[in-house]
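# Overview (structure and organization)
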Amino acid sequence: LLMHVGSGSDGTEDSDSSAEREQTNSSESDGNMPKRTRLTRASLRLSQSSQDSFILSYIFAPYVHLDTPDVKRVGDHDESPPLTPTGNAPSSESELDISSPNASHDESLAKDPALRDSDKDLSHRPKRRRCHETYNFNMKCPTPGCNSLGHLTGKHERHFAVSGCPLYHNLSADECKVKASTREKHEEEPKVPEESNRHATRHQTPTSKQTRYKEQVNEMRKGRNSGLPKEQKEKYMEHRQSHGNTREPLLENITSEYDLELFRKAQARASEDLEKLRIQGQITEGSNMIKTILFGRYELDTWYHSPYPEEYARLGRLYVCEFCLKYMKSQTILRRHMAKCVWKHPPGDEVYRKGAISVFEVDGKKNKIYCQNLCLLAKLFLDHKTLYYDVEPFLFYVMTEADNTGCHLVGYFSKEKNSFLNYNVSCILTMPQYMRQGYGKMLIDFSYLLSKVEEKVGSPERPLSDLGLISYRSYWKEVLLRYMYNFQGKEISIKEISQETAVNPVDIVSTLQSLQMLKYWKGKHLVLKRQDLIDEWKAKETKRGSNNKTIDPNSLKWTPPKGT
């Protein structure tokens, strides 16, 4: 995704940006010449063969025949409207230019008459799928000493990123192919079909096959904590000193063979997923993915790709203002921006405050740039997120922690203003530096508190991310066990639990099943009150004591917004 990006009106990028613009404008006039020259030299070398016209057309046909939209380069700012003073994100999707990673090749082909004529000879050919074997013949794996042959998955002949490099993972290309064939054979083994029974809740105990498998796994894991001999420790240290971060540490004998094989399978699967994203053009060859961001006093490693403008994404490191979320290219620009930035908290209305914790309600229609920058930032840590620019139909609830320098971003969740399926959360994120401290559960609890005030039953929008699913299951479990602990009657109704807790009945049933507290008996579903789980939860609550990581309903100052 390419965006037209300029400096803000606060003047924080005046000198640096003007220098960059002058350099860009001076190189625009002859910027295409080197590309055309390289293509012409390639065509001259290929023309020496007996099939020069055919080969030229064959190499560049995937780009010529693809239906790509018109492309604007990042340097073309003349006709783009100026940005708002608050940040970088475009004000509408119409300002975005979507193109293939090789748009410059398309332009060169359109201007080169020799290539255009050779393309006419093969215009009857069908459209070809663009793949890395075609347009990545100049790419090379960044691992020192690697020839880019082979792939960690064992399914590709070449690789161009560390995630697919066999050498980085201390393997050879042949070993990867052998492991891939072994995995495929294991997946192709016939599986015994399970009994189809609509009363699945009857079978709560593990089957004999599951029990045997668990025993086998426990047996394989017995020797994993025996420790390493001195010779192996020296070998591992020598490997680490000689290769550093350019190779993966040696993992043999650190854990059980079973766990190591599970880890290798996960690596191969992740590498295959990245390969698919790269072929689809969502991730280019490791160059346009932001590796780290400087956010406040933290330096955060990113987890996923986010569609920042190409001129920012290719830097690999981004500098983000923790208050207005504007993103910048260098430490100098960030320092000058922070000296002039007047923001010390998110825009919008503060609807909750208790101690240092505050929650701000930000309307995506009124504060569009801030919400777009927030979504771009969140995508760096979320896998299942597709909302970046169409933020107007959403409300964003931003949680902050205040000190003498301002309100620092802890996390946020968004929800639709008018949700027909009663979703109370569309997207939820806790910043990595605040994870595993109880803030995620606070955000979830706050979303259900809003549902209670609205007198609705809520549920998060699917699909949930891995960490989101873990957090929600933990929250639902805690809510149900607290309800069971305080419940004094003899008959319990899932509908009553849903009305009191604002949790969707489907989520309640799934949580009861996972806790083995739901049983089908004599044509009825019974809820079992497992006292052992309740006592375990109560002991944890007592041990936790009185901490401030809870939402106080009395501190909420909020009325449901009217439909817009």
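Quantities reported herein were computed from a predicted structural model and do not represent experimental measurements.

With that out of the way, let us pick up the UniProt feature "active site" (unreviewed entry) in the chain. According to UniProt, the feature "active site" (unreviewed entry) maps to Glu461 in the numbering used here. As for its position among the elements, glutamate 461 is in the loop between β11 (459-460) and α15 (466-486). For glutamate 461, a relative accessible area of 28% gives the class partly exposed. Glutamate 461 has contacts with Glu416, Tyr423, Val425 and Ser426, leaving out every residue within four places of it along the chain.

So, about empty space enclosed by the protein. Taken as a whole, this structure holds three cavities of 30 Å³ or more when the rule is applied. The space that makes up the largest cavity amounts to roughly 60 Å³. In terms of lining residues, the largest cavity is bounded by Leu152, Leu171, Cys176, Lys179, Arg183, Arg264, Gln267 and Ala268. Breaking the lining of the largest cavity down by element, the ones donating at least two residues are α7 (173-188) and α10 (257-280). Residues of the lining of the largest cavity, tallied by class, amount to four nonpolar, one polar and three charged.

Moving on, we come to the confidence of the model for the chain. Scored by pLDDT, the chain comes out at a mean of 74, with 69% of its residues at no less than 70. For the stretch residues 1-86, pLDDT sits under 50, and the model shows 141 contacts to residues farther than four places along the chain or on other chains. Overall, residues 90-137 carries pLDDT values under 50, and its contacts beyond four positions in sequence, including any with other chains, amount to 98 contacts.

According to the stated counting rule, one finds zero disulfides in the structure shown. Looking at cysteine 141, it has no disulfide partner, and the nearest cysteine sulfur is the one in cysteine 165, 3.7 Å off. Classification of cysteine 141 as buried rests on a relative accessible area of 4%. Between cysteine 146, a cysteine without a disulfide, and cysteine 165, which holds the nearest cysteine sulfur, the sulfur-to-sulfur distance is 3.6 Å.

Here five strands make up an open sheet; going across it, the order is β5-β6-β7-β8-β10 and the pairing antiparallel. Looking at the sheet topology across the chains shown, the edges are occupied by β5 (349-354) and β10 (427-430). On average, each strand axis in the sheet is tilted by 20 degrees relative to the strand beside it, whichever way the strands run. With five bridges connecting them, β5 and strand β6 (residues 357-363) associate as antiparallel partners. Note that in β6 the partner of glutamate 350 across the bridge is phenylalanine 360. Taken strand by strand, helix α14 (residues 439-453) contacts β5, β6, β7 (394-403), β8 (406-416) and β10, and its axis lies near 50 degrees from that of β8.

What follows covers the packing of α14 against α15. Two elements in contact, α14 and α15, have axes separated by 10 Å at closest approach and are oriented at 65 degrees. Note that α14 runs across α15; the crossing there is right-handed. Seen from α14, the contacting residues are Lys441, Ile444, Asp445, Ser447 and Tyr448; seen from α15, they are Ser471, Tyr472, Ser474, Tyr475, Trp476 and Glu478. Of the residues contributing to the contact of α14 with α15, the split by class is five nonpolar, three polar and three charged.

Let us look at the sheet that holds strand β4 (residues 327-328). The four strands are arranged β2-β1-β3-β4 in an open sheet whose pairing can be described as mixed. Looking at which strands have only one partner, the edges of the open sheet turn out to be β2 (298-301) and β4. Pairing analysis gives four bridges linking strand β1 (residues 292-295) to strand β3 (residues 317-320), with the strands arranged parallel. Pairing of phenylalanine 295 across the sheet is with valine 320, part of β3.

What follows is about the environment of arginine 436. Mapped onto the elements, arginine 436 comes out in the loop between β10 and α14. Relative accessible area serves as the criterion here: at 87%, arginine 436 is assigned to the exposed category. Between the alpha carbons of arginine 436 and serine 471 there is a distance of 9.9 Å; along the sequence they are 35 residues apart.

Conventions we followed
- Residues numbered from 1 in each chain as written.
- Predicted model: local features only at pLDDT ≥ 70, side-chain atom pairs only at ≥ 80, totals over all residues.
- Heavy atoms only, no water.
- UniProt positions renumbered as here; feature names shortened; annotations may be inferred.
- Helix = DSSP H or I, 4+ residues; strand = E, 2+ residues; numbered from the N terminus.
- Buried < 20%, exposed > 50% of the residue type's maximum accessible area, 1.4 Å probe, protein only.
- Contact = heavy atoms within 4.5 Å.
- 1 Å grid on protein atoms, 1.4 Å probe; cavity = no way out; pocket = protein on both sides within 12 Å on 5 of 7 lines; lining within 4 Å.
- Points joined across faces, edges and corners; volume = space filled by probe spheres on them.
- Nonpolar A, V, L, I, M, F, W, Y, C, P; charged D, E, K, R; others polar.
- pLDDT = per-residue confidence, 0-100.
- Disulfide = S-S within 2.5 Å.
- Pairing = 2+ DSSP bridges.
- Axes fitted to C-alpha atoms, helices over the stretch in contact; angles between N-to-C directions.
- Left-handed = near helix turned anticlockwise from the far one by under 90°.

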